[in-house]
Amino acid sequence: MTDTEIYDLYVLQSKNVRKLKKVESNLIRTINFHLNKNDAFQVELNTKLLALLYCTLSEAQFIQMVNTPKGFQYSEIEKIKNEKSRNGIVKAWEIMLDLAFEKVNSNWQENGDLNSRRIQLKGIIEKYIKEPSELRNKIAHGQWDIALNRENTKENVDKTNELRNLNVITITVWSNIHQFLGLMIRDLIQSPQVAFHNNYWSNLEKLNRFVIKSDNWTMAKRKDTLRPRKQKTSD
């Protein structure tokens, strides 16, 4: 692929990402509507759909980032795509990360600061891409309520509990943190010598503040905010 073809693919994939974000917003509104109606079945149904959509949007943004203009060479893009085909989306994120760090410093593995940043970003990928994708696979393979082990020989109790505890708040947190991750990795790919250094710590600080704030979010509070307020009547 030429640089122009890579750019064209980026533009096309950006349209997909924008559409999926609209779908995400619509699904969240639908969940809020049914929460307000205390319709538990519809809330669960649409929450599972939102989880599937989150992973779809995550992969769409991954493809968008891989094809960031003036980022990776075509040979690097092929390396990332091949890793995804062989070992899955999480390993593809990791190799994308490593190839991007080479643009900062070819000896980044010997640099304490860069190693620290990679560990931080890899931790975000582990928690907000790998773990949701495991739940997505359970749902997509028909394990809607009860998760099975890899061999499909007995229940995976931990994953069953995660499915039962899944809610719109959890998925909203995933989505917001994914956006912060995207900002940091896009800077790393597109401007490894300038924007990545200038913006990394401020973006990480914003992410950490968001995590602290969202720790206080509960379904009870969400339902309360959705409840219509009674109008005050004058005497």
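Everything that follows concerns the structure shown earlier in this document.
Residues numbered from 1 in each chain as written. Predicted model: local features only at pLDDT ≥ 70, side-chain atom pairs only at ≥ 80, totals over all residues. Heavy atoms only, no water.

### A short note on the overall build of the protein chain
To keep it simple, the criterion reads: Runs of E in the DSSP output that reach at least two residues are strands. Runs of H or I that reach at least four are helices, and both are numbered from the N terminus. Note on contacts: a residue pair is in contact if any heavy atoms of the two residues lie within 4.5 Å. When charges are counted, Lys and Arg are positive and Asp and Glu negative, with His and the chain ends excluded. Charge positions are represented by NZ for Lys, CZ for Arg, CG for Asp and CD for Glu.
A count of helical and extended segments in the protein chain gives nine helices and zero strands. Reading the helices (α) and strands (β) of the protein chain from amino to carboxyl end gives α-α-α-α-α-α-α-α-α. Across its three principal axes, the protein chain shows a C-alpha extent of roughly 70 × 55 × 35 Å. Taking the contacts inside the protein chain whose residues are at least 6 apart along the sequence as the reference set, 69% of them involve residues at least 24 apart. Positive and negative side-chain charges in the protein chain, numbering 37 and 28 respectively, have mean positions lying 6 Å apart.

### So, the packing of aromatic side chains
The condition that has to hold: The pairing test for Phe, Tyr and Trp rings, Trp by its six-membered ring, is centres within 6.5 Å, and the orientation test on the planes gives stacked under 30 degrees, edge-to-face over 60, and tilted for anything in between. We call a residue buried when its accessible area falls under 20% of the maximum for its residue type, exposed when it is over 50%, and partly exposed in between, using a 1.4 Å probe and counting protein chains only.
Summed over all chains, the structure comprises eight aromatic pairs. Taking 5.3 Å as the distance between ring centres and 45 degrees as the angle between the ring planes, the aromatic pair formed by Tyr54 and Trp174 counts as tilted. Pair noted here: Tyr54 is in helix α2 (residues 40-66) and Trp174 is in helix α7 (residues 168-190), with a separation of 120 residues, a long-range link. As far as the burial class goes, Tyr54 and Trp174 line up, both buried. Counting every residue linked through ring pairs, the aromatic cluster contains Phe101, Trp108, Phe196, Tyr200 and Trp201.

### Thoughts on the environment of Leu148
Note that Leu148 resides in the loop between α5 (112-140) and α6 (157-165). As a C-alpha pair, Leu148 and Lys221 span 73 residues in sequence and 32 Å in three-dimensional space. If we ignore the near neighbours within four places in the chain, the residues touching Leu148 are Lys138, Gln143, Lys154, Glu155 and Asn156.

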